[in-house]
Amino acid sequence: MARDVLLGLEGISKTYPGVKANDGVSFSIGAGEVHALLGENGAGKSTLVKMIYGLVKPDEGRMTLRGQPYAPPEPRAARAAGVAMVFQHFSLFDALNVAENVALGMDNPPPMRALEGRIREVSEGYGLPLDPARLVGDLSAGERQRVEIIRCLLQDPKLLIMDEPTSVLTPQEVDILFGTLRQLAAEGTSILYISHKLEEIKALCDEATILRRGKVVGTCTPREKSAREMAEMMVGATLNVPKRAGKEPGPVALKVQELSVASPSAFGTSLKGVNFEVRQGEVLGIGGVAGNGQDELLLALSGELRTPRDTVQIHGRGIGDSGPNDRRRDGICAAPEERLGHAAAPDMSLTENALLSGAVRRGLTKRGFIDWARTRDFAEDVVRTFDVRTPGIGTAARALSGGNLQKFVLGREIMQEPEVIVVNQPTWGVDAAAAAFIRQALLNRAEAGAAVVVISQDIDEIMEIADRFAALNEGRLSEPVPTQGLTIDQIGLMLGGAHGMHQAEVSHVHA
Amino acid sequence: MDFYGINPAVLIASLMVASVPIMLAAIGELVVEKAGVLNLGVEGMMIMGAVCGFITAVHTGSPWAGFLGGAAGAMAISLIFALLTQVFLANQVATGLAMTLFGLGLSSLMGQGYNGIKPPAMADVPLGPLEDIPFIGRAFLSHDAMVYVSILIVAGVWAVLKYSRVGLILRAVGENHDAAHALGYKVRRIRVLAILFGAAMAGLGGAYVSLVRVPQWTDGITAGAGWIALAIVVFASWKPWRVLIGAYLFGGITVLQLNLQAAGARIPVEYLSMSPYLITILVLVIMSSGKGRAGLNAPAALGQNFHASR
Amino acid sequence: MFTLEKRPTPSKAWAWGTPFLAVALTMVAGGLLFAALGKDPFAVVRTIFWDPLFGEFARYLRGQLLVKAAPLTLIAVGLALGFRAGIWNIGAEGQYIIGAITGAAIGLAVYPTESRWIFPLMILGGAFGGWVWAMIPALLRTKFNTNEILVSLMLVYVAETILSKAATGFLRNPEGMGFPGSRSFSSYAAAGNPELIAGTGLHWGVVAALIAVIWAYVLLQRHLLGYQIKLAGQAPRAARFAGVSADRLVMLCMGMSGALAGLAGLFEVTGPAGQISIDFNVGYGFTAIIVAFLGRLNPFGILLAALLMALTYVGGEMAATNLGLPSSAIRVFQGMLLFFLLAVDLLSNYRIRLAGAAREVR
């Protein structure tokens, strides 16, 4: 079937110092087609779409839009040509309201009053209701994404680029989004859908282009392939599924009761009466959509936020009012989500970063003075044991790739042999091999008798390694349930369903 | 109703004059900070404005030319700040301090030979019979044009920030420069323009000190007014009309303490002359202790440098 | 134009090289400035940078270098600790003044008692005075989250007012026939800070400055507190994760820098200045900010930077008397130095790529 090509790419290459982000990438997107761009983190998907959107200029190759040469010098030109993009991060302004955020994404916005009317009209037409006057910082992750989508739809795009749109949504919200996207495709809008989630791509996309290390390694029709086949094309190797020991858990190691704490950030989520227990040798998975109190929970467990003594207990002893180092002494280690700037200091060497959290349990200081020799040994140890690829321990943390730095951070905590370990998003933005390694290391730690708490937005990850699952929703934690036999629908409901998103009557509104 | 022999109408009149420099400098800095740039060089820009304005006015014989010269002088020095922070990504706090130190030195160098000269006088705006209205005429309606211009500028900044597209983009850049960049806005260019606007305002304020308020040239003539302007921006929680209130408040304190000194009040002179600074501290404490309220208004990207990566 | 590219690891070579590059650039730009003022730029630069070290009066002037460098070093070492932690004490000038006043007041209170305990007590008093003055912004920041930059600076103006009150009021020399200014410490042996070896400029303040440099170096390199200071400045959230209390750090850093500035004031008032006078402070507290950055916030770097800055003071005075260079020109020169330093600092964290060409500055 000869299809009507909307966007064509031929031999697109882009080199950054030390890395070829894209290498001779060619593919095309048909009109009204939902096209998947599939690849691991670091495969070059983001660079590629930034070129299509005019944020980055390709070094080589050419693009065509409806047969005409297309080389947008800036996003404005891309938008004028009918290309719109929904970003995964970095494109909303918390302190501005919905209408202002939408106006900023348009080149010739109508007056505010009229714009507010259009936002209501279009958002309800596509089943994504939004109040134009609300402050964006107060919205849930799903609602924030709606702001981005509406911003694009108001400009009547021919091609809509969506960068990992479902990473912040509950399964029910994903269904609603897919409904909207199918409606758009039916109206003739092409969609370039970027993801590494195979089931979603099978459900939604007509065609798929698979990238690995900046090159196109295959194209396929997702409905005709199995998820496993696509995964192997994406990763280029067969994956090891982590092994679980399946031992009986021991006595309760970590107990959290009636933990309530205000968020330290202006638009954060406060925790409200969180209760759970984790036994020795057990892995508790805490799921939830971004921004539902995950950061706050980690802070409250690591000791960066303090609470009344008995709200956090280790082996029955209250430690809620003690700071991070006292808790390390008592056996809790934690690894926050943000690697650079929170778990590690970007400009400091790995040795200095080893000292950051390892000083107490590894005895790296004596009467306030630092034992640099022991600290170096510890850093070397972590690098060796966790296979951290680095020129040396004198390298600055920011020079490491995401996966290697995450291995270092996790390794630093695990090698302190904590009795309780809490991690937030342990494999976020990490390539598949490193992710498998990290998950295995966490399971090994549990097998060695530690209580493990894994906070993650990746449901697959939790299903893979957790014994029990609980969902965090607007700062409240559900009752933990065993992961065995849990269905995706049940998980979705636990995660808070569709966040009050009504599946409004979908009428055909031309934006 | 005089107290200590101070006439309230005269007090209000001099309050309005005294507040002009800090009002101008503060409204300029507000715009700069709204764009996400923390420019601690206000004092340096003001004193450059004061000396350049003075020299220009003396040579042209026109106070208006003096104000233009003052604005130009401050903008010239602020270009260094813009270059260092926006292109060379230097630390904004340190660069602002450097500009103040540099400005104080340079103004003193440029001002040599201008000590003891009287600048051309600035005429009051003729408002005819309105000036004869009892009390109001004396207090509010017999001033030079800059008093009214400065109020108009505050109103203009308020309107632009609240209602215009330019204002929206400026606020967006100050709120989240990565997002603004992703949408295709020229973060660096917008910030440089904001810095230049802030400098022009500080320069006008400085020129007002040397041309109207004092009026003559001496080293260090701005005496910390630039720092007080910075404090007023915090006091105002980044809201233009509150800058006006803040400036009148501080202008009032300054005038009152001077009047009390002149009237020979029994409070020791030292306590009076340190009072504007102590009250600034007090106000800063009150504004910042109201947990989060003022903080929520502060532009989220304030003081952070922007470097477009990949 | 050019584009910037962040280095994966900060360049060690440039970290050391930038101060020298900045000095060189400042000499060029300064030369242009001096030429614009109608002076022979080479003569001026030689007078400032060469003559005090190797010229006709070098024997005397070298001593003056120590006298000027000592307070700058003391203050800048303290400031650098705070700057590293992201705590901006820019009111060292005020802490310097208050330290001088409290220290001097102790000595003057017991005049004319002679005891060898008086001077040590005055030193403690000086440090204490500076510490108290710095504690005000520190407390306001930790308790009320008030901006320490503005508060510490406002307190400079307050301190100056107190100084004028001291010189004309409570510390005025009762035998001074009504002139402002306190008794002279040079004629009060128990409270004086004379040259330890005649003609060298070496006084107790110089000794204290050297001790402070070594102490700060050890603190930053070997001690956990020094590590925490660096961590808090580079990555505040990581510091919290490491268990560093931000409030405690503010109090410690402000306190240490205040005490050091107070010490500098005390040594100055009892030695080179000789008495409390209205214009006793000459801006060391502000110049020390330049010194701290020029020394790259490294204690030994600061020592070198303070000597260089002292050279511009001493040489600047020479240029003023011999060549008629306006004294404010030297302040412009110092300001330029800081500008250039901030500009070239870029090189240690970024690579510069010239557009279109493959050339790059490494």
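The shown structure was predicted, so the numbers you read here are calculated from the model rather than taken from an experiment.

So, how was this worked out
Within any chain, residue numbers begin from 1 and follow the written order of that chain's sequence. In the order they appear in the text, chains get letters beginning with A and ligands get numbers beginning with 1. Since the coordinates come from a predicted model, pLDDT governs what is reported: local features require at least 70, and pairs of side-chain atoms require 80 or more to be given and counted, while whole-chain, interface and lining totals use all residues. In this description, strands pair whenever DSSP reports at least two bridges between them. Numbering of helices and strands starts at the N terminus; helices are DSSP runs of H or I of at least 4 residues and strands are runs of E of at least 2. Axis geometry follows a simple rule: fit a line to the C-alpha atoms, using only the stretch in contact for helices, then measure angles between N-to-C directions, giving values from 0 to 180 degrees. Expected span, for any helix, means 1.5 Å times one less than how many residues it has. Buried means a residue has 20 or more other C-beta atoms within 10 Å of its own C-beta, exposed means 12 or fewer, and partly exposed covers the counts in between; C-beta atoms are placed from the backbone. We call two residues in contact when their backbone-placed C-beta atoms lie within 7 Å. Note on residue classes: Ala, Val, Leu, Ile, Met, Phe, Trp, Tyr, Cys and Pro are nonpolar, Asp, Glu, Lys and Arg are charged, and everything else, Gly too, is polar. Any nonpolar core is a set of buried residues, restricted to Ala, Val, Leu, Ile, Met, Phe, Trp, Tyr and Cys, that join up through C-beta atoms within 7 Å. A residue's pLDDT is the confidence the predictor assigns to it, expressed on a 0 to 100 scale. Left-handed is the label given to a crossing in which the near helix is rotated counterclockwise from the far helix by less than a right angle, and right-handed is the label when the rotation is clockwise.

**Q** Just checking my understanding: could you explain the sheet that holds strand 5 (residues 68-70) of chain A for this structure?
**A** Remark on secondary structure: sheet strands pair via backbone hydrogen bonds, oriented parallel or antiparallel. All names here are of chain A. In space, the four strands of this open sheet follow the order 2-1-4-5, with antiparallel pairing throughout. Each edge of the open sheet carries a strand with a single partner, namely strand 2 (19-30) and strand 5. Going across the sheet, the axis of each strand differs from the next one's by a mean of 25°, ignoring polarity. Pairing between strand 4 (residues 60-65) and strand 5: three bridges, direction antiparallel. What sits directly across from L65, in strand 5, is Q68.

**Q** Just checking my understanding: could you explain helix 14 (residues 327-344) of chain C for this structure?
**A** Since one α-helical turn is 3.6 residues long, residues separated by three or four positions face the same way. Taking 1.5 Å as the rise per residue, helix 14 of chain C with 18 residues should run 26 Å; its terminal C-alpha atoms sit 27 Å apart, in good agreement. Burial analysis of helix 14 of chain C places 17 of its 18 residues in the buried class, which makes it a mostly covered element.

**Q** Honestly, the interface of chain B and chain C in this entry has me stumped. Any pointers?
**A** Often, the extent of an interface is quoted as the loss of accessible area on bringing the components together. On the chain C side, the residues contacting the 38 residues of chain B number 36 residues. The set of elements that each furnish at least two residues to the side of chain B that touches chain C consists of helix 3 (63-87), helix 4 (92-110), helix 10 (225-235) and helix 12 (269-289) of chain B. Residue composition of the side of chain B that touches chain C, by class: 25 nonpolar, twelve polar and one charged.

**Q** How should the sheet that holds strand 8 (residues 190-195) of chain A be read in this particular structure?
**A** Residue and element names in this part refer to chain A. A sheet is described by the order of its strands in space; here six strands give the open sequence 6-7-8-3-9-10, paired in mixed fashion. Looking at the sheet topology across the chains shown, the edges are occupied by strand 6 (83-86) and strand 10 (215-220). When strand polarity is set aside, the average angle formed by the axes of neighbouring strands in this sheet is 20°. In this structure, strand 3 (residues 34-39) lies alongside strand 8, joined through five bridges in parallel fashion. Opposite A36, over in strand 8, you have Y193 as the bridge partner. Set on the sheet, helix 1 (residues 45-52) makes contact with strand 3, strand 6, strand 7 (159-163), strand 8 and strand 9 (207-212); between it and strand 7 the angle comes to about 150°. Relative to the sheet, helix 5 (residues 141-153) contacts strand 6 and strand 7, its axis offset from that of strand 6 by approximately 175°.

**Q** Whenever I open this one, the pairing of strand 10 of chain A confuses me. Can you help?
**A** Each regular strand carries side chains that alternate between the two faces of the sheet. Residue and element names in this part refer to chain A. Looking at chain direction, strand 9 and strand 10 are connected through five bridges and run antiparallel. Bridge assignment links I210 to a residue of strand 10, and that residue is G218. The hairpin turn running from strand 9 into strand 10, its antiparallel successor, is two residues long, and R213 in that turn takes a positive phi close to 45°.

**Q** It is not clear to me how the nonpolar core should be interpreted in this structure. Could you clarify?
**A** Across soluble globular proteins, nonpolar side chains show a tendency to be buried alongside one another. Ranked by size, the top nonpolar core spans 397 residues in total, and within it I161 of chain A, I232 of chain B together with I75 of chain C carry the most contacts. Ranked by residue count, the leading element in this core is helix 9 (residues 187-213) of chain B, at 17 residues. Beyond its immediate stretch of four places on either side in the chain, I232 of chain B contacts I22, A26, V243, G246, A247 and F250 of chain B.

**Q** How should I be thinking about the interface of chain C and chain A in this particular structure?
**A** Opposite the 18 residues of chain C that make contact, chain A presents 26 residues. Considering each element in turn, the side of chain C that touches chain A owes the most residues, five residues, to helix 9 (residues 224-234) of chain C. Residue composition of the side of chain C that touches chain A, grouped by class: ten nonpolar, four polar and four charged.

**Q** In this structure, what is going on with the confidence of the model for chain C? I would like to understand it.
**A** Detailed conclusions should not be drawn from predicted coordinates in areas where pLDDT is low. Residue and element names in this part refer to chain C. Averaged over all residues, the pLDDT of chain C equals 89, while 97% of them reach at least 70. Here residues 356-362 scores under 50 on pLDDT; set against residues more than four positions off or in separate chains, the count is seven contacts. Both scores are given for the predicted complex: the pTM is 0.87, the ipTM 0.86.

**Q** What's the story with the packing of helix 10 of chain B against helix 7 (residues 148-170) of chain C in this structure? I'm lost.
**A** Two quantities define a packed helix pair, namely the angle between the axes and the distance from one axis to the other. Closest axis-to-axis distance for the helix 10 of chain B/helix 7 of chain C pair is 10 Å, and the angle between their directions is 145°. Along this stretch, helix 10 of chain B crosses helix 7 of chain C, giving a crossing that reads as left-handed. Residue-level inspection shows W227, L230 and A231 of chain B of helix 10 of chain B in contact with helix 7 of chain C, the latter providing L150, L153 and M154 of chain C. Of the residues assigned to the contact of helix 10 of chain B with helix 7 of chain C, the class counts are six nonpolar, no polar and no charged.

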